[in-house]
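Breakdown of the fold
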Amino acid sequence: MSGKRVLVTGATGYIGGRLAPRLLDAGYRVRVLARSPDKLRDVPWADDVEIVRGDLDDAESLHEACRDIDVVYYLVHSMGGRDEFVDAEKRAAQNVADAARDNGVSRIVYLGGLHPESGDLSPHLYSRAQVGRILMDSGVPTLVLQAGVVIGSGSASFEMIRHLSNRLPVMTTPRWVNNRIQPIAVRDVLHYLLAAADASLPRSGTYDIGGPDVLRYGEMMQQYSEVAGLTKRRILVLPVLTPKLAGLWIGLVTPIPPPLGRALLESLSTDAVMRNHDIDSIIPPPESGLTGYRDAVRLALGRIERGEVETTWTNASPVGAPADPLPSDPDWAGEVVFTDERSLESDSSPEKVFAVVESIGGENGWYSFPLAWTIRGWLDRFVGGVGLDRGRRDPKTLHTGDALDFWRVELIERPTLLRLRAEMRAPGGAWLEWRVEPLESGRSRVHQRAIFFPRGIAGRLYWYVLVPFHGIIFRGMLENIAGTAGRR
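Below, the structure is looked at part by part. (Residues numbered from 1 in each chain as written. Predicted model: local features only at pLDDT ≥ 70, side-chain atom pairs only at ≥ 80, totals over all residues. Heavy atoms only, no water.)

When you go through the protein residue by residue, the secondary structure sums to 13 helices and 19 strands. Put simply, 75% of the contacts in the protein that link residues at least 6 apart link residues at least 24 apart. By element, 51% of the accessible surface of the protein is carried by carbon and sulfur atoms, the whole surface being about 21,900 Å². (Helix = DSSP H or I, 4+ residues; strand = E, 2+ residues; numbered from the N terminus. Contact = heavy atoms within 4.5 Å. Areas by Shrake-Rupley, 256 points an atom, 1.4 Å probe, with all protein chains shown as cover.)

Rendered as C-alpha cells:
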C-alpha cells in the first residue's frame, strides 16, 4: 500500500478512466482533474477519489490540483480538430510542467505514442513527442511510456479494426496497410502505467512498450476476422488513397469521426515498433506475460458481448462539441428558445418506464421513425459530425458523460430524470430530456421535452424546417416508450 498522492488528468478518457480505480486498488490516494466533474459523478469509484475542477489551459487550476501531489499522470491527448491542436497541446504540457515543478511533484508519468527515431511524423505523433520533451525538460523526473495501437474493448484503434473488418469483406486501404505495427493490449498498458508511479527511475527518459507480436496492419485485420469468426477479408492497396480521403471513408463505414479517423491513419503512416526493451530494466512485464494480439482481440470481443466495456474512446467529448450544461429555466428570460413538450400517462411503474427510457439509442433505436434518425445521422457524418454509429457502451445502463449516438448524457437521476445534450452538428444547442413522475396505484406520467437554443437566423430556420416532423418523431417516441414499458 503506497499511500502516495497521485493526480490523474484525463480521468474521463479511455485510459484515465481505467487507471484511476486501479490506482485506488493499489493503495494510492487519487485526485482527478476534470473540466466537467459531473461526468464522473456516477462512476463506481467516484466516492473514493477527490474530484477537482480544472483545465490544462488554466494554469491557476493546475497549481491548485498539483498541491501536495507526489505523482502526476498526464493522459490527455487531442485526436481530432484543426492543426492548431499542436500549439494547444504544447501550451497545456508547459502548464502542467510548471505546476508540477512549482509544487514539488516528485514524478510525472506520460503516455505518448510509439514512433520511429527518425523520419517525418504525423502532426499527432509529433505533438505527442513534443509533449514528452516538454515534460522531461521541466526538472521533474519524468517517465514517458510510448505505446502504439492499443487493443481493448472501446479503444478507438480497436473499434476501427472491428468495424472495418465486420462490415467490409473487401476493403481499399492506403499503403500504410503494409507498415509494421506492435500492438499492445490495454491491460498491459495499464500494467506499465500503474507500476510507473513507484518504478526505479535513474533519470527522465522515454520507454517503448508493446505486446509480443509485430504485425502488418493488414495482418491485424485478418487475424481479427479469424478470431471473430469472419471469412477472410480481401484488402486492395490504393497508393493514391491519402489519409484525408481514407479518414472520410472511415467516417462513412465506422463510428470513428473523420478527424479522429484521419489522425489514427496518419499515425499508421510509419512503422510503430519498439526500438528497444529498456522498459524491462525498470518495469518487468506482467507475471503472466504480455498479451498476444489474438488473445487481446478475444478478450475485447468478450467484454463487448457481455456488456462489460469499462470505458470507450467516446468518453472524451469530440473537438468543438458543446460543453455548457442546459441553462435553468429562469435564465431563459429574454432568450430565444424553442421547445417541444409532451406528456403521457402510463399504467407501468416509474421504474419500468425509466428502464425503457434509459435503454434508448444504440441498437435499441429511438422508438420512432427510424429512417428519419438514420438520415439525420448520415447528414451529420457528411458534415464532419459524430453521427449515430457511436452507439452506447452498455445496452441497458447509462452514466453521466456517456456518449449515446450523437448525444451525450448530461444528467441522469434514476428513476426520474434523463437529460441528453446534442453533439451533432447543428446551428444551436439542443437537449432532449425525460422526467418520470410517480402517480397513485403504481402508475406514472412521462414528461418529454426537446429544447433548442437557435444560433442566428440559420438556427431559427433549422427549427422551423423540422417542426412538421416533430409530431411524428416526438409523439411516436413518447407513445412507444410508454407502450414498451407496458409490454415488459
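What follows covers the sheet that holds strand β15 (residues 403–404). Pairing is antiparallel in the open sheet, where six strands are placed in the order β14-β19-β18-β17-β16-β15. For this open sheet the edge positions go to β14 (338–346) and β15, each flanked by a neighbour on one side alone. Strands β14, β16 (407–413), β17 (417–422), β18 (428–438) and β19 (444–454) of the sheet are contacted by helix α11 (residues 350–358), whose axis makes an angle of about 155° with β18. (Pairing = 2+ DSSP bridges. Axes fitted to C-alpha atoms, helices over the stretch in contact; angles between N-to-C directions.)

We now examine the packing of α11 against helix α13 (residues 456–487). In the contact formed by α11 and α13, the axes pass within 9 Å of each other and the chain directions differ by 125°. One element, α11, and the other, α13, form an angle in the oblique class. With respect to the hand of their crossing, α11 and α13 are arranged in right-handed fashion. In this structure, α11 contributes Lys352, Val353, Val356 and Val357 to the contact, and α13 contributes Ile481, Thr484 and Ala485. Taken together, the residues of the contact of α11 with α13 break down into five nonpolar, one polar and one charged. (Parallel < 35°, antiparallel > 145°, perpendicular 65-115°, else oblique. Left-handed = near helix turned anticlockwise from the far one by under 90°. Nonpolar A, V, L, I, M, F, W, Y, C, P; charged D, E, K, R; others polar.)

Next up on the list: the packing of helix α4 (residues 123–136) against helix α9 (residues 258–267). A pair of packed helices can be characterised by two numbers: the angle between their axes and the separation between those axes. Look at α4 against α9: their axes get within 7 Å of each other, and the N-to-C directions meet at 75°. By the criterion of interaxial angle, the relationship of α4 to α9 is roughly perpendicular. Between α4 and α9, the residues in contact are Pro123, His124 and Leu125 and Ala263, Glu266 and Ser267, respectively. Looking at the contact of α4 with α9 residue by residue, the class counts come to three nonpolar, two polar and one charged.

We now examine the pattern of salt bridges. Under the defined criterion, the tally for this structure stands at 31 salt bridges. The structure contains a network of salt bridges with shared partners spanning Arg390, Arg408, Glu410, Arg419, Arg421, Glu423, Glu433, Arg435 and Arg449. (Salt bridge = Lys/Arg side-chain N within 4 Å of Asp/Glu carboxyl O.)

The seven strands lie next to each other as β3-β2-β1-β4-β5-β6-β11, forming an open sheet whose pairing is parallel. If you trace the sheet from one side to the other, it starts and ends with β3 (50–53) and β11 (205–208), each paired once. Taken over all neighbouring pairs, the strand axes of this sheet differ in orientation by 20° on average, direction set aside. Bridge count between strand β5 (residues 107–113) and strand β6 (residues 142–147): six bridges; the pairing is parallel. Pairing of Val109 across the sheet is with Leu143, part of β6.

Quick look at the packing of aromatic side chains now. This structure, assessed with the given rule, holds 11 aromatic pairs. Ring geometry for Trp366 versus Trp407: centroids 6.2 Å apart, planes at 40°, classification tilted. Of this pair, Trp366 sits in the loop between α11 and α12 (370–382) while Trp407 sits in strand β16, and the two are 41 residues apart along the sequence. For Trp366, a relative accessible area of 5% translates into the label buried. Given a relative accessible area of 6%, Trp407 falls into the buried group. (Phe/Tyr/Trp six-rings, centres within 6.5 Å; stacked < 30°, edge-to-face > 60°. Buried < 20%, exposed > 50% of the residue type's maximum accessible area, 1.4 Å probe, protein only.)

A word on the side chain of Asn179. Mapped onto the elements of the fold, Asn179 is located in the loop between β8 (170–173) and β9 (180–181). For Asn179, the contacting residues outside a window of four places in its chain are Leu215, Arg216, Tyr217, Leu268, Ser269, Thr270 and Asp271.

This part covers a nonpolar patch on the surface. Taken together, the side chains of Phe369, Leu371, Ile375, Trp378, Leu379, Phe469 and Ile472 make up a nonpolar region of the molecular surface, amounting to roughly 700 Å² of accessible area. Looking at the nonpolar patch, the element that brings in the most residues is α12, giving four residues. Among the structural elements, Ile472 can be located in helix α13. (Patch = residues over 30% accessible without salt bridge, like charges linked within 9 Å, V, L, I, M, F, W, Y side chains within 5 Å.)

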